[in-house]
Amino acid sequence: MGWGTELWDQYDVIDKHTQSGLDLVEKYVKFVKERTEIEQTYAKQLRNLTKKFSLKRGSKEEQECKFSNHQAFLDILNEMNDYAGQRETIAESMMLSICLELTKYLQELKQERKTYLAEAKKAQQSLESSYKQLDSSKKRFEREWREAEKANQNAEKADQDINATKADVEKAKMQAHMRSHTAEECKNDYASHLQKYNKEQNQFYFTDIPHIFSKLQDMEERRVRKLAEGYVSFADTEKRVMPIIGKCLDGITKAGTSTNAERDSQILVEQHKSGFERPGELEFEDYSQGINRASSDSSLGTPKGPMDLLGQKKNKLWPFSKKKIFTPEKFMPTVSEDFAHLPPEQRRKKLQQKMDDIGKELQKEVDQSEALEKMKDVYLKNSQMGDPSSLEPQISQTATNVERLRGELHKYESWLMEAGGRGDFRRSSINNNSHDKSSPDSTLSHEGKSDPQAIYAEFDEDFDEEEIFAPIGQCTALYNFEGSSEGTIPMQEGEVFAVVEEDKGDGWTRVQRSNGDEGYIPTSYVRITPKM
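Residues numbered from 1 in each chain as written. Predicted model: local features only at pLDDT ≥ 70, side-chain atom pairs only at ≥ 80, totals over all residues. Heavy atoms only, no water.

1. Description of the overall build of the chain
Selection criterion: Under the scheme used here, helices are H or I runs from DSSP no shorter than 4 residues and strands are E runs no shorter than 2 residues, and both carry numbers assigned from the N terminus. A 1.4 Å probe rolled over the protein chains alone gives each residue an accessible area, and that area as a share of the maximum for its type sets the label: buried under 20%, exposed over 50%, partly exposed in between. Note on contacts: a residue pair qualifies if any of its non-hydrogen atoms lie within 4.5 Å across the two residues.
Each helix and strand in the chain was counted, giving nine helices and five strands. Listing the helices and strands of the chain from first to last along the sequence gives α-α-α-α-α-α-α-α-α-β-β-β-β-β. A burial count over the chain gives 33% of its 532 residues as buried. Put simply, 68% of the contacts in the chain that link residues at least 6 apart link residues at least 24 apart.

2. Here's the deal with helix H8 (residues 392-418)
Operational definition: Take the residue count of a helix, subtract one, and multiply by 1.5 Å to get its expected span.
With 27 residues, H8 ought to run about 39 Å at 1.5 Å a step, and its terminal C-alpha atoms sit 39 Å apart, in line with that. The set of residues buried in H8 consists of Ile-395, Thr-398, Ala-399, Asn-401, Val-402, Leu-405, Leu-409, Tyr-412, Glu-413, Trp-415 and Leu-416. Looking at the buried positions of H8, the neighbouring elements they touch are helix H7 (344-381). With its phi angle positive at about 100°, Gly-420 sits one or two positions after the end of H8.

3. Digging into the nonpolar core
What counts here: To qualify as a nonpolar core, a set must consist of buried Ala, Val, Leu, Ile, Met, Phe, Trp, Tyr and Cys residues joined through side-chain atoms within 4.5 Å.
Counting 40 residues, the largest nonpolar core has Tyr-28, Val-32, Ile-98, Phe-213 and Leu-216 as the members making the most contacts within it. Looking at this core, the elements with two or more residues in it are helix H2 (11-53), helix H3 (68-160) and helix H4 (166-257). Top element by residues in this core is H3. It accounts for 17 residues. In contact with Tyr-28, not counting residues within four places along its chain, are Ile-98, Leu-102, Leu-227, Gly-230, Tyr-231 and Phe-234.

4. Structural notes on the pairing of strand S2 (residues 496-501)
For the record, the criterion: One bridge is not enough; two strands pair if DSSP finds at least two bridges between them.
Where burial is concerned, most of S2 is hidden: five out of the six residues are buried. Note that strand S1 (residues 473-477) and S2 share four bridges and pair antiparallel. Its bridge partner being in S2, Gln-474 is matched across the sheet by Ala-498. In terms of strand pairing, S2 meets strand S3 (residues 508-512) through three bridges, oriented antiparallel. Residue pairing in the sheet places Glu-501 in a bridge with Arg-510 of S3. Between S2 and S3, which pair antiparallel one after the other, the connecting turn spans six residues, and Gly-505 there sits at a positive phi close to 105°.

5. Focus on the sheet that holds strand S5 (residues 526-530)
The condition that has to hold: Axis angles are defined between N-to-C directions and span 0 to 180 degrees, where every axis is a line fitted to C-alpha atoms and, for a helix, only to the segment in contact.
One open sheet accounts for five strands, arranged S4-S3-S2-S1-S5; its pairing is antiparallel. In this open sheet, the two edge strands, each paired with only one partner strand, are strand S4 (518-522) and S5. Direction aside, neighbouring strands of the sheet carry axes that sit 40° apart on average.

6. Overview of the packing of H2 against H3
Operational definition: Relative orientations are named as follows: roughly parallel for angles under 35 degrees, roughly antiparallel for angles over 145 degrees, roughly perpendicular for angles from 65 to 115 degrees, and oblique for any other angle. Helix crossings fall into two classes, left-handed where the near helix is turned counterclockwise from the far one by less than a right angle and right-handed where it is turned clockwise. Note on residue classes: Ala, Val, Leu, Ile, Met, Phe, Trp, Tyr, Cys and Pro are nonpolar, Asp, Glu, Lys and Arg are charged, and everything else, Gly too, is polar.
Between H2 and H3, the shortest axis-to-axis distance is 8 Å and the interhelical angle comes to 165°. Relative to H3, the element H2 lies roughly antiparallel. Classified by chirality, the crossing of H3 by H2 is left-handed. Across the contact of H2 with H3, the residue classes tally to 26 nonpolar, eight polar and 10 charged.

7. Overview of the packing of aromatic side chains
Rule in force here: Pairing of aromatic rings covers Phe, Tyr and the six-membered ring of Trp, with a centre-to-centre limit of 6.5 Å; geometry is then stacked below 30 degrees between planes, edge-to-face above 60, and tilted otherwise.
As enumerated under the stated definition, the model contains 14 aromatic pairs in all. On the numbers, 5.6 Å between centres and 75° between planes, the contact of Tyr-479 with Tyr-525 is edge-to-face. With Tyr-479 in the loop between S1 and S2 and Tyr-525 in the loop between S4 and S5, this residue pair connects regions lying 46 residues apart in the sequence. Exposure remark for Tyr-525: the relative accessible area of 30% places this residue in the partly exposed category.

8. Things to note about the pattern of salt bridges
To keep things clear, this is the line we draw: Between Lys or Arg on one side and Asp or Glu on the other, a salt bridge is scored when a side-chain nitrogen of the former is within 4 Å of a carboxyl oxygen of the latter.
Per the counting criterion, the structure on display carries 22 salt bridges. Here Asp-135 and Lys-139 are joined by a salt bridge, their closest N and O atoms 3.3 Å apart. Placement of both Asp-135 and Lys-139 in helix H3 is noted, with a separation of four residues, approximately one turn of the helix. We classify Asp-135 as partly exposed; its relative accessible area is 26%.

9. Quick word on the packing of H3 against H4
Two numbers describe how H3 lies on H4: the axes approach to 7 Å, and their chain directions differ by 175°. In terms of axis orientation, H3 runs roughly antiparallel to H4.

10. Observations concerning the confidence of the model for the chain
To keep things clear, this is the line we draw: For every residue, the pLDDT score states the predictor's confidence, bounded by 0 at the bottom and 100 at the top.
Per-residue pLDDT for the chain averages 79, and the proportion of residues at 70 or more is 80%. Contacts of residues 291-333 to residues separated by more than four positions or lying in other chains number 48 contacts, the stretch itself having pLDDT below 50. Low pLDDT (under 50) marks residues 424-467, which in the prediction has 87 contacts with non-local residues, meaning those over four places away or in another chain.

11. Structural notes on the environment of Arg-143
Mapped onto the elements, Arg-143 comes out in helix H3. Here Arg-143 falls in the partly exposed class, since its relative accessible area comes to 46%. In the structure, Arg-143 is positioned 40 residues away from Ala-183 in sequence and 8.2 Å away in space, judged by C-alpha atoms.

If you want it as structure tokens, here you go:
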């Protein structure tokens, strides 16, 4: 059923209905805009909330992040920040796919509707104009016909009047004939206008209006379908981010289940245990027999009593004191370089940490020394690049720094041994990176400097056996390699090796043959397959 055939006489109804449809689209667009504002406000509030509870750099709470329950809370904050981002994505998608698109489409519909209604109005005005002409010709015909009848009656009266002259009779007849002729012309004109109007009316009601109303119907149906797409998009927009939101929520669940109460307790112990033994029993001092000033020495370095740890009043028990050990300045021991002022366990940790820091600094100096030597070799081979002698001050300073750091490392190791620990300095980072960037067997070649690995020779007795590397993948040789330099091994195209150490950025990979031979090969000469 079409509007053009069934609603041919309901122009006003169609006008109001199509306008109501456009109003609905406009209302829906406004609804979605307010929804996006809610989403954006919600996302902003979530971000502010996570920022409020996130750790600030340098805060005391950073130390607590080592505990799983504290770290889990940070993970939850991160997930909530990502969740806020997804809410922003929903708002942006709705604004683009619904608001902007429907607003543009609405403007097109308004213009289209305006055009169709203008066509209908124009057709109606044309028909009304034709009808006015018809009505005018009809009235003129009616008027002239009455005048003609009147003239004929006057002619008949004059013809029957015996007193009328022949001229009067002829004049009356002539007048009647002229009126009749004019009336006949008006009749023909009226008939012509009537035929024209009927044709235009038929065109209007059976062709023009049905065609215009059908186009309005098509426009309205397209509007409904487009609006329906907007309704569906409202849900699909959120559905598309639901999997990501689900992952955020799964991340929160994972953070909750990843907490380990026992591990947190152990971390607290490792961080704060002093290493002291519990005080021994105090001896009875019999003042009646003289004061016995000796006290129980249960362990080396153990305080003589609980109050000796703090220097506090004796009416306060040490384990439950609200004041921290070593915190008050007047009771704080003098800080020494060997950390002897700390409890044994804390001292060992500090010394080990200090050794690690020195080792990193030492590695940096070794790398810088190698780089300077390479640059010096380049200058020697090509004087246009620079003057080799200009590098001597830097090379000398680097050598001095290496010797100084080596001495400090030895000093801290001796203190660590004294504190009851082992000199287990992490050498692997230096051993792995001490190779030349262009050849694995690089050494410090300038005068007065020894092999970088010799720096740690004095610590070798602390290692019972050579470090064993587990294969981390396989590699296949793409080209032949002679391997003439020390530390490298030759290879043939197609040969397969086990990768025991990945490329550290120097262009060399450490591999092992099936017979146990190990060495370095160029990374660019092989195709590496990670171990699954």
